[in-house]
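Here's the letter readout for the chains.
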Amino acid sequence: MNLNLTTKKIDTDCEIVLIRNKKIKENKEILKSLNFKGNDEECVLLPELKKLYVGCENADHDSIRIAVATAVKKLNTTNFKSAYIKVKSNLSSYVDGFELGNYTFTKYKSKNENTVEKNIYIEVSKIDKSIQKEFEESVAICTSVNMVRDFVNTAPDDFYPEIMAKKAIAIAKENNLECKILDEDYLKENNMGSMLAVGRASRHRSKLIHLTYKPSGKIKAKKKMVLIGKGLTYDSGGLSLKPSDFMVSMKSDKGGGCAVLGILNAVAALNLPIEVHGIVGAVENMIGGDAYKPDDVLIARNGKTIEVKNTDAEGRLVLADCLCYAQDEIEDIDYIFDYATLTGACVVGVGEYTNGIMGNNIALQNEIVKSALDSGELATTLPFNRYLRKTLKSQIADICNISSTRYGGAISAGMFLDSFITDENKEKWVHLDIAGPAFVDSAWGYNPAGASGAGVRLTIEFMKNL
Ligand code: BES
Ligand code: ZN
Ligand code: ZN
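So, how was this worked out
- All chains use their own residue numbering, which begins from 1 and follows the written sequence.
- Chains carry letters from A onward and ligands carry numbers from 1 onward, assigned in written order.
- Thresholds applied to this predicted model are a pLDDT of at least 70 for local features of residues and 80 or more for the giving and counting of side-chain atom pairs; totals over whole chains, interfaces and linings are not thresholded and use all residues.
- Note: side-chain values were computed over all heavy atoms of the structure, leaving out hydrogens and water.
- Each metal site is built from N, O and S donor atoms within 2.8 Å (3.2 Å for Na, K and Ca), and since water is not included, such sites may look incomplete.
- Geometry is assigned from donor-metal-donor angles: four donors are tetrahedral when every angle falls between 85 and 135 degrees, four are square planar and six octahedral when opposite donors sit over 155 degrees apart with all other angles between 65 and 115, and any other arrangement is irregular.
- Runs of E in the DSSP output that reach at least two residues are strands. Runs of H or I that reach at least four are helices, and both are numbered from the N terminus.
- Side-chain atoms alone can form a polar contact between residues adjacent in sequence; in general such a contact is a pair of N or O atoms within 3.5 Å, and within protein one must be able to donate a hydrogen while the other accepts it.
- Two residues qualify as a contact provided that any one of their heavy atoms is within 4.5 Å of a heavy atom in the partner residue.
- Only protein chains enter the area calculation, which uses a 1.4 Å probe; residues under 20% of their type maximum are buried, those over 50% are exposed, and those in between are partly exposed.
- The nearness test applies per residue and asks whether one of its heavy atoms lies within 4 Å of the molecule or strand.
- A cavity here means a set of 1 Å grid points, computed over protein atoms only, where a 1.4 Å probe fits but cannot escape. A pocket is an open set with protein on both sides within 12 Å along at least 5 of 7 lines, and lining residues have an atom within 4 Å of a point.
- Occupancy of a cavity or pocket is assigned to a molecule whenever over half of its atoms lie within 2 Å of that pocket's grid points.
- At least two DSSP bridges between two strands are needed for those strands to be called paired.
- Put simply, two rings from Phe, Tyr or Trp (the six-membered ring, in Trp's case) pair if the centres are within 6.5 Å, and we call them stacked under 30 degrees between planes, edge-to-face over 60, tilted for the rest.
- Whether a charge sits over a ring depends on NZ of Lys or CZ of Arg being within 6 Å of the ring centre and within 35 degrees of the ring normal.
- The angle between two axes is taken between their N-to-C directions and runs from 0 to 180 degrees, where each axis is a line fitted to C-alpha atoms and a helix contributes only its stretch in contact.
- When describing relative orientation, an angle under 35 degrees is termed roughly parallel and one over 145 degrees roughly antiparallel, while 65 to 115 degrees is termed roughly perpendicular and anything else oblique.
- The hand of a helix crossing depends on one turn: near helix anticlockwise from the far one by less than a right angle means left-handed, and clockwise means right-handed.
- Note that Gly is not counted as nonpolar here; it falls among the polar residues with everything else outside the nonpolar set of Ala, Val, Leu, Ile, Met, Phe, Trp, Tyr, Cys and Pro and the charged set of Asp, Glu, Lys and Arg.
- Grid points are joined across faces, edges and corners, and a volume is the space filled by probe spheres set on the points.

Visitor: What is the right way to read the coordination of the zinc ion (ligand 2) from this model?
Guide: Each donor-metal-donor angle would ideally measure 109.5 degrees in four-coordinate tetrahedral geometry, or 90 or 180 degrees in six-coordinate octahedral geometry. Distances from the zinc ion (ligand 2) to its protein donors, D235 (OD), D312 (O), D312 (OD) and E314 (OE), fall at 2.0 to 2.2 Å. Coordination geometry of the zinc ion (ligand 2): the 6 donor atoms subtend angles of 72 to 168° at the metal centre, consistent with an arrangement described as irregular. Along the chain, the residues that donate to the zinc ion (ligand 2) are spaced as D-x76-D-x1-E. Here the zinc ion (ligand 2) and the zinc ion (ligand 3) are spaced 3.2 Å apart, with D235 acting as a shared donor.

Here it is in structure tokens:
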């Protein structure tokens, strides 16, 4: 699919018409007879009239994205070569709808399905610098989101820590980023026993990825942001093995790490005036004679001891050392965010479509929720409290890797991470539990079944507002 901007009407195979707020203005009788109501995700194709009507229930940006995605999916069932749409405002939402709605994951399909290359013409009133910029930025962000979707959807045997590191190197090359790949020797030398333990039974060596973006040329960085991602390329649960049904889709446990790679890719494309560090703990959690065990006591990089009670609570063990690494190695941090498919409890609590936002700085968390909603992602805050914090106490070590209560698992996991944040960074840190939206079994809105690329758009929106 090629998107083109134009300032005049183009004669194409089909014109896309959004029916806003269920107000049908043309071909009323025909649409009525076809029982078209103008609801979200509803569309009617009238080939003789070269029209594709799609419902757009509300006036908000996400309704536009959903309507346009509905249209592009319908077009993909045809052999049309071109389509046209007139846009009066909110151009970026239309671009999002096309780019995100058109995504399919075909890597493992041996036969190509109907893929007639389509030219889409978007008519705008004028093409000036700001329109051009809005268009290009939106395309760049969606390209990064779709890259993250591809990464997360890739099978675990084709995407293990070393491959993740290679992807990071490729992104760095393409965008002129600094890139450090640290191996297990580095982890050992730097006493990162928490992260090391998780990957021990895997045939794939763990990698710590560190990408750095600095604005180019005369642009001075206004802020310094550190983004940390959970990159579990597979989470079998380890010796606290997951039941079969729960193991399926655990290739998505690299969703946070992949989001961080995608964000850096987008930040560089947009040339944003901030310094951004992307740190990913790429690890595979497996079983075997060399596996770490419930009852083991691990020592993290900052010297904190962790009693392991469940090897399936591995993401926090990897992140603990990554958080220590970031705070040791990077000075004067303004923001430190972590992205992780951390808990099933978060999905149970807020549903599959919503990110859980946690931390110590309420204003900052609210800003992130707002950035999420503005960008078309869903997010809500989950507040810490002193009682859940106590449930992480260990009798023999400094902390346990799981809570002693079965309730509030998303929050206690967040508070486990908090215990690895230094006093100076407490208010700068936010934890994003993306376990729900990172990977959803069936399609939702303009997101496909499988990986959605959660975390990328909300973060870019936050950065643009800095
Ligand atoms: N990767 C999982 C969390 C997860 C669950 C992500 C479902 C996406 C969908 C994480 O490592 C995990 O297994 N967490 C455990 C923690 C428990 C042992 C305290 C969980 O949520 O059950
Ligand atoms: Zn796990
Ligand atoms: Zn996990």
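Visitor: Even after reading the chapter, I still don't get the coordination of the zinc ion (ligand 3), so can you show me in this structure?
Guide: Protein-derived coordination of the zinc ion (ligand 3) comes from K230 (NZ), D235 (OD), D253 (OD) and E314 (OE), at a distance range of 1.9 to 2.5 Å. For the zinc ion (ligand 3), the donor residues sit on a single chain with the sequence spacing K-x4-D-x17-D-x60-E.

Visitor: When you look at the side chain of S202 in this model, what are you seeing that I'm missing?
Guide: Relative to the elements of secondary structure, S202 occurs in the loop between α7 (193-198) and β8 (207-213). A polar contact is formed between the side chain of S202 and the side chain of E284, at a distance of 2.7 Å. Contacts of S202, omitting those with residues within four sequence positions, involve E284 and M286.

Visitor: Would you explain the environment of N425 in this entry?
Guide: Turning to its location among the elements, N425 is positioned in the loop between α14 (409-418) and β17 (429-433). Classification of N425 by relative accessible area gives buried; the value is 3%. Here N425 is in contact with Q327, I333 and I336, once residues within four sequence places are set aside.

Visitor: Just to check I follow, could you spell out the site of ligand 1 for this structure?
Guide: Close contacts around ligand 1 come from 15 residues, with K242, D253, D312, E314 and G344 the closest. The side chain of D235 places a nitrogen or oxygen atom 2.9 Å from an oxygen atom of ligand 1. Here an oxygen atom of ligand 1 sits 2.8 Å away from a polar atom, N or O, in the side chain of E314. Using a 2 Å cut-off from the grid points, one finds that ligand 1 occupies the largest pocket.

Visitor: Explain the pairing of strand β5 (residues 82-86) to me, please; I cannot follow it from the model alone.
Guide: Counting buried positions over the 5 residues of β5 gives 4, a clear majority of the element. As defined by bridge partners, β5 adjoins strand β6 (residues 119-123) across 5 bridges and the pair is classed as parallel. When the bridges of β6 are listed, S82 appears paired with N119.

Visitor: Would you take a moment to explain the sheet that holds strand β12 (residues 305-307) for this structure?
Guide: Within a sheet, each strand pairs with its neighbour through backbone hydrogen bonds, oriented either parallel or antiparallel. Taking strand neighbours across the sheet as the criterion, the 3 strands line up as β11-β12-β16 in an open arrangement whose pairing is mixed. Bordering the open sheet on either side are β11 (297-299) and β16 (399-400), each of which pairs with just one other strand. Where β11 meets β12, 3 bridges bridge the pair, whose relative direction is antiparallel. Each residue of the ladder has a partner; that of V297, found in β12, is E307.

Visitor: How should I be thinking about the packing of aromatic side chains in this particular structure?
Guide: Aromatic ring pairs: the centre-centre distance and the angle between the two ring planes describe each pair. Going through the model one piece at a time under the given rule, you end up with 9 aromatic pairs. When the centroid spacing of 5.3 Å and the interplanar angle of 45° are considered together, the rings of F416 and F420 count as tilted. Take F420: its relative accessible area is 3%, and that puts it in the buried class. An aromatic cluster is present here, built from Y335, F337 and F462 joined pairwise through their rings. In this structure, K254 packs its charged tip against the face of F159, placed 5.2 Å from the ring centre. Here K304 stacks its cationic end above the ring of F420, 5.9 Å away from the centre of that ring.

Visitor: Just to check I follow, could you spell out unusual backbone geometry for this structure?
Guide: Of note, N176 is a non-glycine position whose phi angle comes to about 60°, a positive value. By the element assignment, N176 lies in the loop between α5 (161-175) and β7 (178-182). Even without being a glycine, D295 presents a positive backbone phi close to 95°. Position of D295 relative to the elements: it lies in the loop between β10 (275-285) and β11.

Visitor: Looking at this structure, how should I read the sheet that holds β6?
Guide: An order of β1-β6-β5-β2-β4-β3 is seen for the 6 strands of this open sheet, with the pairing classed as mixed. Of all strands in the sheet, those bounded by a partner on one side alone are β1 (2-6) and β3 (43-46). For this sheet the average axis-to-axis angle between neighbouring strands, irrespective of direction, equals 25°.

Visitor: What's the story with the packing of helix α10 (residues 315-329) against α14 in this structure? I'm lost.
Guide: Viewed as axis vectors pointing N to C, α10 and α14 meet at an angle of 30°, and their least axial separation amounts to 9 Å. Judged by the inter-axis angle, α10 sits roughly parallel to α14. With respect to the hand of their crossing, α10 and α14 are arranged in right-handed fashion. Of the residues in α14, those in contact with R316, L317, L319, A320 and L323 of α10 are A413, F416 and L417. Of the residues assigned to the contact of α10 with α14, the class counts are 7 nonpolar, no polar and 1 charged.

Visitor: I tried to follow empty space enclosed by the protein on my own but got confused; where do I start?
Guide: Taken as a whole and judged by the stated rule, the model has 2 cavities of 30 Å³ or more. Around the largest cavity, the lining residues are V145, Y353, N355, E377, L378, P437, W444, N447, S452, G453, A454 and R457. For the lining of the largest cavity, the per-class residue count stands at 6 nonpolar, 4 polar and 2 charged. In this structure, the second largest cavity occupies an estimated 40 Å³ of space. Lining the second largest cavity are V148, V152, G255, A259, A438, A451, S452, G453 and A454. Mapped by element, the contributors of at least two residues to the lining of the second largest cavity are α4 (129-153) and α9 (255-270). Along the lines of polarity and charge, the residues of the lining of the second largest cavity split into 6 nonpolar, 3 polar and no charged.

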